[in-house]
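# Remarks on the overall topology
Spelled out, the chains give:
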Amino acid sequence: MATVRHNAFHVIGVSTRTNNAREAAPNSPIAQLWGRLFTEPILQQIPDRMDGDLVAVYTDYASDVNGDYTVVVGGRVTSIENVPAGMVHVRVPSGDYEVLISEQGPGPVVVPAAWQKVWALNLDRVYQADFELYKEADLQPENTRAHIYIGLKK
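Because the structure is predicted, anything quoted here is derived from the model rather than measured.

### A few points about the overall build of the protein
Counting secondary structure elements, the protein contains four helices and ten strands. Overall, the protein shows an N-to-C arrangement of helices and strands of β-β-α-α-α-β-β-β-β-α-β-β-β-β. What you see for the protein is a C-alpha radius of gyration of 15 Å, in line with the 15 Å of a compact globule of 154 residues. Along the first, second and third principal axes, the C-alpha set of the protein runs to 40 × 35 × 30 Å. Within the protein, contacts between residues at least 6 apart in sequence are counted, and of these 74% link residues at least 24 apart. Of the roughly 7,900 Å² of accessible surface on the protein, 50% is carried by carbon and sulfur atoms. Separation of charge centres in the protein, based on 13 positive and 18 negative side chains, amounts to 4 Å.

Okay, structure coming up:
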């Protein structure tokens, strides 16, 4: 783990509103969102993508780890001028982020396990925007690796 300073960026993608209690259930809102991402041509419809990486942004927190939040899954973009119908855009602010890299394996297993480690750290979180970065090479169904960035207070 390491603390890094990250510049602001924009993401266009699809979103859902949820909380950690809902995410503990089968067929959770985030699981449904990822299902849409891999069965619909969402990534191909995002204009002005910076690269082939995928980003999941956690934002619009109602409070803390126990409150509701919005998740946007999509791609980093160079422009937000042409957000496709049915999609949203979110700006991830610049700031200090604690970075945790998940194990490599099935996404539905390794990503939640990495978040369990994040919650156990008791970080001084800002609850403005956190994000998972999936490099294009790490997006294989049974061999996923996530870089999780947790926004820290100054």
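On we go.
### Notes on the sheet that holds strand E2 (residues 9–18)
Read across the open sheet, the eight strands follow the order E1-E6-E10-E7-E3-E4-E2-E5; overall the sheet is antiparallel. Each of the sheet's edge strands pairs with one partner strand only, and the pair in question is strand E1 (2–6) and strand E5 (88–92). Direction aside, the axes of adjacent strands within the sheet are offset by 35° on average. Summarising the sheet, E2 and strand E4 (residues 69–77) pair through nine bridges and their orientation is antiparallel.

### A look at the nonpolar core
By size, the foremost hydrophobic cluster in this structure holds 28 residues, and its most contacted members are Trp-34, Tyr-58, Val-73 and Ile-148. Listed by contribution, the elements that provide at least two residues to this core are E2, helix H2 (29–39), helix H3 (42–45), strand E3 (54–59), E4, helix H4 (107–120) and strand E10 (147–151). For this core, the element with the most residues is H4, which contributes five residues. Contacts of Ile-148, omitting those with residues within four sequence positions, involve Glu-98, Val-99, Leu-100, Val-111, Ala-114, Trp-115, Val-118, Phe-131 and Glu-132. Counting residues in each nonpolar core, the second largest holds 13 residues, with Phe-9, Val-92, Tyr-97 and Phe-131 among its members.

### Things to note about H4
Over its 14 residues, H4 runs 20 Å from end to end, which matches the ideal 20 Å to within 8%, given 1.5 Å per residue. Buried residues of H4: Gly-107, Val-110, Val-111, Ala-114, Trp-115 and Val-118, and no others. Seen end-on, H4 carries its buried residues on one side only, within an arc spanning 135°. Exposed positions of H4 whose direction lies more than 90 degrees from the buried face are Pro-108, Val-109 and Ala-120. Just downstream of H4 lies Asn-122, where phi reads positive at about 50°.

### Quick notes on the packing of aromatic side chains
Two numbers describe a pair of aromatic rings. These are the distance of the centres and the angle of the planes. With the rule as written, the count across this model stands at eleven aromatic pairs. A ring pair is formed by Tyr-61 and Tyr-127, whose centres lie 5.2 Å apart and whose planes are at 80°; its orientation type is edge-to-face. Here Tyr-127 lies in the loop between H4 and strand E7 (129–134) and Tyr-61 lies in the loop between E3 and E4, a separation of 66 residues in the sequence. Feature note: the residues Tyr-58, Tyr-61, Tyr-69, Trp-115, Trp-119 and Tyr-127 constitute an aromatic cluster, connected by ring pairs.

What counts as what
Residues numbered from 1 in each chain as written. Predicted model: local features only at pLDDT ≥ 70, side-chain atom pairs only at ≥ 80, totals over all residues. Heavy atoms only, no water. Helix = DSSP H or I, 4+ residues; strand = E, 2+ residues; numbered from the N terminus. Rg over C-alpha atoms; globule rule 2.2 N^0.38 Å. Contact = heavy atoms within 4.5 Å. Areas by Shrake-Rupley, 256 points an atom, 1.4 Å probe, with all protein chains shown as cover. Lys, Arg positive; Asp, Glu negative; His and termini not counted. Charge placed at Lys NZ, Arg CZ, Asp CG, Glu CD. Pairing = 2+ DSSP bridges. Axes fitted to C-alpha atoms, helices over the stretch in contact; angles between N-to-C directions. Core = buried A, V, L, I, M, F, W, Y, C linked by side-chain atoms within 4.5 Å. Buried < 20%, exposed > 50% of the residue type's maximum accessible area, 1.4 Å probe, protein only. Expected span 1.5 Å × (residues − 1). Arc of directions from axis to C-beta. Phe/Tyr/Trp six-rings, centres within 6.5 Å; stacked < 30°, edge-to-face > 60°.

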